[in-house]
Amino acid sequence: MQRNVGSAQFKTIEDELVSALVGAGCIPENHGNDMRKMSFQRSARTDKGVSAAGQIVSLKLWLIDNLVEKVNENLPPGIKILGMRRVTGRFNSKNTCDARTYFYMLPTFALGHKDEGAGPETFRLSTCALGRVNKLLGCYKGTHNFHNFTSGKGPRDPSAKRYIMEMFCEAPFVRQGVEFAVLKVKGQSFMMHQIRKMIGLVIAVVRGYAAEAILEQSWGEAKVDVPKAPGLGLVLDTVHFEKYNQRFGSDGVHQALEWTDVEPQRAAFKEDHIYPTIVTTEQEEQSMANWLNTLPIHDFTATASGNQLTDNHSKKMNDDVDGGSDVGESD
């Protein structure tokens, strides 16, 4: 969710949404050119390559009849409005959002030890291996200094501290002959590339390239070489407004901002649009398999005072895998 004004070739979800709002008669055309006029805000930004299954935007618009249906008629199949709620006058979907949940869908062979001989089609994640993955992911819970999981922030930058409420891996499932799993993480907010690096470091541990102690070490002041998992598979799943719902959700004027009544539609959207895209793209581009081949290049024993890869070298390795795209998540 962000604008790419003036580019007919590379239209973003937000571009399509604004065009649909204008086409449906919900906003005047000049508001589409200057979104401040309608107080537009999104609860979380999704960059190139990151899908969304549960986004909320706030804006001022004309309440026309059958608004949701008319806007959806002007949207492409991969974008859909699930509902509309009247909110308080000063509501801002970004600032009022308590937490955001992302999920990361990946082939489970990425969670196997590097010495296992099973191929992508034959690998199956054991119950014991799943338990270890969840033990490692659970280490992220709480408040930690994630300066090593983004760029441009030093270890004493207060904004590098982030609060993670939960992180876990769900039971695996098979799609087109390959086993996949979904990792979920809920936090107050995330920095650019933070989630991909959190997952990348856990993969490095379970595959045997790094010791478990690297997790706690990465939250210290020393610079740690943290690999960034591919952008494919990262999805904004849910945005949460718990404090707003407690205060205004039952005041008789406003409705709670919850997903319960549209959950069947969300599940169907994931099945029809998000999961197939991830599975097909992974099989065609082999992004995870290619990225796994870069893990031996990382030095997980080095620190800022030792023989560590430079930021530029690490960035080059990630750019080679990502095709140069800047895929990630942000506040």
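Residues numbered from 1 in each chain as written. Predicted model: local features only at pLDDT ≥ 70, side-chain atom pairs only at ≥ 80, totals over all residues. Heavy atoms only, no water.

**Student:** Please set out the overall build of the chain residue by residue, giving values where relevant.
**Tutor:** The helix and strand tally for the chain stands at 10 helices and 9 strands. Long-range contacts, defined here as pairs at least 24 residues apart, represent 74% of the contacts in the chain between residues at least 6 apart. With an accessible surface of roughly 15900 Å², the chain has 49% of that area assigned to carbon and sulfur atoms. (Helix = DSSP H or I, 4+ residues; strand = E, 2+ residues; numbered from the N terminus. Contact = heavy atoms within 4.5 Å. Areas by Shrake-Rupley, 256 points an atom, 1.4 Å probe, with all protein chains shown as cover.)

**Student:** Outline the pairing of strand β4 (residues 99–107), listing residues and values.
**Tutor:** Burial analysis of β4 places 9 of its 9 residues in the buried class, which makes it a mostly covered element. Side chains Ala99, Thr101, Phe103, Met105 and Pro107 of β4 all project onto a buried face; the interleaved residues Arg100, Tyr102, Tyr104 and Leu106 project onto the opposite face, where all are buried too. Pairing between β4 and strand β9 (residues 234–240): 6 bridges, direction antiparallel. Across the sheet, Tyr104 pairs through a bridge with Leu234, a residue of β9. (Buried < 20%, exposed > 50% of the residue type's maximum accessible area, 1.4 Å probe, protein only. Pairing = 2+ DSSP bridges.)

**Student:** For the pattern of salt bridges, give the residues involved together with the corresponding values.
**Tutor:** Within this structure, the stated rule accounts for 13 salt bridges. With a shortest N-O distance of 3.2 Å, Arg266 and Glu263 are connected by a salt bridge. Here Glu263 and Arg266 lie together in helix α8 (residues 263–285), a separation of 3 residues that amounts to about one turn. Classification of Glu263 by relative accessible area gives partly exposed; the value is 31%. (Salt bridge = Lys/Arg side-chain N within 4 Å of Asp/Glu carboxyl O.)

**Student:** For the nonpolar core, give the residues involved together with the corresponding values.
**Tutor:** Tyr140, Ile203 and Met288 are the most contacted members of the largest nonpolar core, which totals 58 residues. At the level of elements, β4, α4 (127–138), β6 (161–169), β8 (178–187), α5 (194–206), α6 (213–218), β9 and α9 (287–292) are the ones that each hand at least two residues to this core. Considering each element in turn, this core owes the most residues, 9 residues, to α5. Excluding residues that lie within four positions of it along the chain, Ile203 makes contacts with Leu106, Ala110, Leu111, Met288, Trp291, Leu292 and Leu295. Within the second largest apolar cluster, 14 residues are counted, among which are Ala20, Leu21, Ile27 and Phe40. (Core = buried A, V, L, I, M, F, W, Y, C linked by side-chain atoms within 4.5 Å.)

**Student:** Report on unusual backbone geometry, specifying residues and quantitative values.
**Tutor:** The phi dihedral of His193 is positive, around 70 degrees, even though this residue is not glycine. A positive phi angle is found at Gln286, which is not glycine, with a value near 55 degrees. Assignment of secondary structure puts Gln286 in the loop between α8 and α9. Residue classification places Gln286 among the partly exposed positions, given a relative accessible area of 32%.

**Student:** Can you explain helix α1 (residues 13–24)? Please cite residues and give values.
**Tutor:** Helix length check: α1, at 12 residues, gives a terminal C-alpha distance of 16 Å against a target of 16 Å (1.5 Å per residue), a fit within 8%. Glu14, Asp15, Leu17, Val18, Ala20, Leu21 and Ala24 are the residues of α1 that are buried. Packed against the buried residues of α1 are α2 (29–33), β1 (41–42), β3 (57–58) and α3 (67–73). The first or second residue beyond α1 is Gly25, which carries a positive phi of 85 degrees. (Expected span 1.5 Å × (residues − 1).)

**Student:** Now, about the packing of α4 against α5: what can you tell me, with residues and values included?
**Tutor:** Two numbers describe how α4 lies on α5: the axes approach to 10 Å, and their chain directions differ by 135 degrees. Here α5 runs oblique to α4, going by the angle between their axes. Crossing of α4 over α5 shows right-handed handedness. Packed against α4, whose contacting residues are Arg132, Val133, Leu136 and Leu137, the element α5 presents Val202, Val205 and Val206 at the interface. Classifying every residue of the contact of α4 with α5 by side-chain character gives 6 nonpolar, no polar and 1 charged. (Axes fitted to C-alpha atoms, helices over the stretch in contact; angles between N-to-C directions. Parallel < 35°, antiparallel > 145°, perpendicular 65-115°, else oblique. Left-handed = near helix turned anticlockwise from the far one by under 90°. Nonpolar A, V, L, I, M, F, W, Y, C, P; charged D, E, K, R; others polar.)

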